[in-house]
Amino acid sequence: MEQELLIFGAGGFGREVASWVHRAAWQGHGFKLAAFVDDNPVTDELNGFPVLTLAQAAQRHPDAGVLASVGQPRVRERLIAKAAELGLRPTAPLLHPNVEYDQQYVSFGDGVVVCAGSILTVNIEIESHVQINLDCTVGHDAVLRAYATLSPGVHISGNVTLEQCSFLGTGAVTVQGLPGRPLLIGADAVVGAGAVVTKDVAPSATVVGIPARARA
Ligand SMILES: CC(C)(COP(=O)(O)OP(=O)(O)OC[C@H]1O[C@@H](n2cnc3c(N)ncnc32)[C@H](O)[C@@H]1OP(=O)(O)O)[C@@H](O)C(=O)NCCC(=O)NCCS
């Protein structure tokens, strides 16, 4: 069965996803890209696909699933809320065909996207609207709460929990937590590009460097 998809956000990440999504498959779902959605479209076509306002998209593709395709978690949350106001539901999980995982051991919420080259191991929970960019690894017993965001090349070790709307910049790494005592990246925390996280990160904190420390 083919699901129509609306990519909400016609920026760089949205265009990257669009370039592979029509080939993506997960548990028999195929996805057909219906359109990009943009609040203020500056063009009516992008890379061969139409660009619609949200109102146009809701009218023309009421049964399509929506992917919010911006990096900032809270912005993504707002886009999904706006789409819901017009009756549009989130997409089923979108996984690039070469993502390595076993569906027996990894669960995915709606609106999740996982890009090429990523590897998800075992006993992993990925909640709705999580974004996993290119070439990431997620280790055993990880929990990625809603809207958590991994930029390209992030490595999450075993027993780590990313709370809601946390954001990890390109190439960030976390060390492992313990069984029953996961390493915690707090809600709305930002981990800078290239940081190595060795201990819990407080909610809403920004940490950078090796080892990662809160910015003064
Ligand atoms: C950490 C981060 C959020 C800080 O952003 P910001 O608040 O705009 O910070 P600024 O660019 O104003 O930099 C402030 C200082 O922090 C330093 N800094 C910024 N990012 C840093 C990082 N990742 N590691 C170490 N130091 C960093 C800057 O050099 C600057 O230092 P200075 O005051 O001595 O000149 C951001 O730099 C970052 O790493 N974002 C991740 C981006 C990313 O990976 N995007 C993925 C796109 S797919």
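Everything below is about the structure shown above.
Throughout what follows, the structure given in this document is the object of discussion. (Residues numbered from 1 in each chain as written. Predicted model: local features only at pLDDT ≥ 70, side-chain atom pairs only at ≥ 80, totals over all residues.)

Observations regarding the pairing of strand 6 (residues 65-68)
Phase 1: Judged by which residues are buried, strand 6 turns out to be covered on both faces: Gly65 and Leu67 on one side and Val66 and Ala68 on the other are all buried.
Phase 2: Bridge count for strand 1 (residues 2-8) against strand 6 is 4 bridges, and the pairing is parallel. Its bridge partner being in strand 6, Phe8 is matched across the sheet by Ala68.
Phase 3: Judged from the 2 bridges that link them, strand 6 and strand 7 (residues 89-90) form a sheet pairing that is parallel. Residue pairing for strand 7: Val66 is matched across the bridge by Pro90.
Phase 4: Handedness of the crossover joining strand 6 and strand 7 through helix 3 (residues 73-85): right-handed. (Buried ≥ 20, exposed ≤ 12 C-beta atoms within 10 Å, placed from the backbone. Helix = DSSP H or I, 4+ residues; strand = E, 2+ residues; numbered from the N terminus. Pairing = 2+ DSSP bridges. Right-handed = clockwise from strand over helix to strand, strands pointing away.)

Comments concerning the site of the ligand
Phase 1: The full set close to the ligand counts 13 residues, and Ser151, Gly169, Thr170, Gly192 and Val208 are the nearest of them.
Phase 2: Here the residues of the shell around the ligand sort into 4 nonpolar, 9 polar and no charged. (Near = placed C-beta within 6 Å. Nonpolar A, V, L, I, M, F, W, Y, C, P; charged D, E, K, R; others polar.)

What to know about the nonpolar core
Phase 1: In terms of nonpolar packing, the biggest core is built from 65 residues, with Leu5, Leu6, Ile7, Phe8, Val66, Leu67 and Val191 touching the most fellow members.
Phase 2: The element best represented in this core is strand 3 (residues 29-37), accounting for 6 residues.
Phase 3: Split by domain, the residues of this core number at least three in each of domain 1 (2-92) and domain 2 (93-204). (Core = buried A, V, L, I, M, F, W, Y, C linked by C-beta atoms within 7 Å. Domains from an automatic or database assignment.)

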